[in-house]
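Architecture at a glance
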Amino acid sequence: MGQPQEWLEGSEWLIDDILYRAETMRRRDAVTEDGEWKPVWTVMEALASTHGDDNVRLVVWFDS
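Residues numbered from 1 in each chain as written. Predicted model: local features only at pLDDT ≥ 70, side-chain atom pairs only at ≥ 80, totals over all residues. Heavy atoms only, no water.

Quick word on the overall build of the protein chain
Counting its regular elements, the protein chain contains two helices and two strands. For the protein chain, the α and β elements follow one another from N to C terminus as β-β-α-α. The C-alpha extent of the protein chain, read off along each of the three principal axes, is 55 × 30 × 25 Å. Buried residues in the protein chain amount to 6% of all 64 residues. By sequence separation, contacts in the protein chain at least 24 residues apart represent 0% of the contacts at least 6 residues apart. (Helix = DSSP H or I, 4+ residues; strand = E, 2+ residues; numbered from the N terminus. Buried < 20%, exposed > 50% of the residue type's maximum accessible area, 1.4 Å probe, protein only. Contact = heavy atoms within 4.5 Å.)

A word on the pattern of salt bridges
Applying the stated rule across the entire model yields three salt bridges. In the salt-bridge network here, residues are joined through shared partners; they are Glu 12, Arg 21 and Glu 23. (Salt bridge = Lys/Arg side-chain N within 4 Å of Asp/Glu carboxyl O.)

Notes on unusual backbone geometry
In this structure, Asp 16 takes a positive phi of about 55 degrees despite not being glycine. Turning to its location among the elements, Asp 16 is positioned in the loop between strand E1 (12–15) and strand E2 (18–21). Note on Asp 16: relative accessible area 71%, which makes it exposed.

So, the packing of aromatic side chains
Per the counting criterion, the structure on display carries three aromatic pairs. Between Trp 7 and Trp 13 the ring centres are 4.9 Å apart and the planes differ by 15 degrees, which places this aromatic pair in the stacked class. Aromatic rings pair up to connect Trp 7, Trp 13 and Tyr 20 into one cluster. (Phe/Tyr/Trp six-rings, centres within 6.5 Å; stacked < 30°, edge-to-face > 60°.)

What follows is the structure in structure tokens.
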């Protein structure tokens, strides 16, 4: 196996006829505050207000 490749933000490269661009994706880009995860964020905020921010953790398991 080769070493992982790291691309600088905004780097572009062309493979065949497809242009690729390295961009940083943040949680708010993938999971919006008003999307289907809104109930989770609401519960986490309630728990944090009761128990403190440092005492609330979200663990997610994805199984294919």
